[in-house]
Amino acid sequence: MLQGKIAIVTGGTRGIGYATVKKFLENGACVALCGSRQETVERALHKLKEEGWDESRMMGLWPVLSDSKSVQEAFDQVVTRWGRLDILVNNAGISQATPLYDYADGEFEKILDLNVTAVFVCSKVAAAYMRKQQAGVILNTSSMVSFYGQPSGVGYPTSKFAVNGMTRSLARELGKDGIRVNAVAPGVTATDMVAALKPEQIEPIIARIPLRRVGQPEEVANAFLFLASDLASYVSGAILSVDGATQV
Ligand code: NAD
């Protein structure tokens, strides 16, 4: 579905991002995965090689995602190597559960820096390439909490509401340049964070999910694959829930 496409996936070293990198490789793309540190990026590349993926179709980067110079240098490397940029998946993100009264100075700003500013910076750098091509796809990782908030850790839903706003706005602004912009809003997904929960923590969560289970990273990756592909050629400004119809 992505034969010959060039993609960048931020937060590609584990969890949803890693599953998306694999899904894109399986579907014929060349993929640059970004992580926060060289060590974790190299570990992820090593794992992919061990799983049999061709080195010539992958590369690793670790820019500071909210720093436009750092992102420009990193994305330039991708275009220098593969000649163009078709797909950007803004997936890197952190969450927060801190009660409002306990927020430390700078904690709120920290989550906005990665979950919002980095999405803006990476989209701006990628869109400049895509505009020249008059084609491209930008995909953002939102969350189910972007629709109804969460009872603690206000920074996280605030950041994901902003991601939805950026998705809808950039879809309207960049459509004339042939660029589609969409988001996927996962529910509780079985990444490391969720795998570490005890049965007594996970059971009440599952009780609120009509499909009676948490999602798998591959199921979120499937949504990214669809939105990145030509099957979604007339889909822009959408925020696709992948949450088993979770109820609050
Ligand atoms: P994860 O913690 O397993 O992976 C996070 C990724 O982000 C890693 O690749 C890491 O290297 C990268 N990252 C973290 N901090 C970074 C930084 N400062 N700079 C650059 N990269 C950084 O996370 P996940 O659960 O796979 O989540 C991925 C995305 O999905 C996030 O945006 C998250 O908000 C969203 N999401 C996750 C869930 C869930 O239940 N797991 C639910 C809804 C939305």
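Owing to the predicted nature of the structure, the values given are computational and were not obtained by experimental measurement.

Peer 1: What's the story with a nonpolar patch on the surface in this structure? I'm lost.
Peer 2: Residues Met1, Phe226, Leu231 and Leu240 make up a contiguous nonpolar surface patch of roughly 370 Å² in combined accessible area. Structurally, leucine 231 can be placed in the loop between helix 9 (217-228) and strand 7 (239-242).

Peer 1: Teacher, can you tell me more about the state of the cysteines here?
Peer 2: What we call a disulfide is simply a covalent bond connecting the sulfur atoms of a pair of cysteines. Evaluation of the coordinates by the stated rule reveals zero disulfides. Free cysteine: cysteine 30, not disulfide-bonded; nearest cysteine sulfur from cysteine 34 at 15 Å. For the unlinked cysteine cysteine 122, the closest cysteine sulfur is that of cysteine 34, found at 6.9 Å. For cysteine 122, a relative accessible area of 1% gives the class buried.

Peer 1: Help me out: how do you make sense of the pairing of strand 1 (residues 6-10) in this one?
Peer 2: Side-chain positions along a regular strand alternate between the two faces of the sheet. For strand 1, the tally of buried residues reaches five of five residues, placing the bulk of the element in the interior. In strand 1, alternate side chains face the same way, and those of Ile6, Ile8 and Thr10 on one face and Ala7 and Val9 on the other are all buried. Running through helix 1 (residues 15-26), the crossover from strand 1 to the neighbouring parallel element strand 2 (residues 30-34) is right-handed. Judged from the three bridges that link them, strand 1 and strand 4 (residues 87-90) form a sheet pairing that is parallel. From the neighbouring strand, alanine 7 faces strand 4, where its bridge partner is isoleucine 87.

Rules behind the numbers
Residues numbered from 1 in each chain as written. Predicted model: local features only at pLDDT ≥ 70, side-chain atom pairs only at ≥ 80, totals over all residues. Heavy atoms only, no water. Patch = residues over 30% accessible without salt bridge, like charges linked within 9 Å, V, L, I, M, F, W, Y side chains within 5 Å. Areas by Shrake-Rupley, 256 points an atom, 1.4 Å probe, with all protein chains shown as cover. Salt bridge = Lys/Arg side-chain N within 4 Å of Asp/Glu carboxyl O. Helix = DSSP H or I, 4+ residues; strand = E, 2+ residues; numbered from the N terminus. Disulfide = S-S within 2.5 Å. Buried < 20%, exposed > 50% of the residue type's maximum accessible area, 1.4 Å probe, protein only. Right-handed = clockwise from strand over helix to strand, strands pointing away. Pairing = 2+ DSSP bridges.

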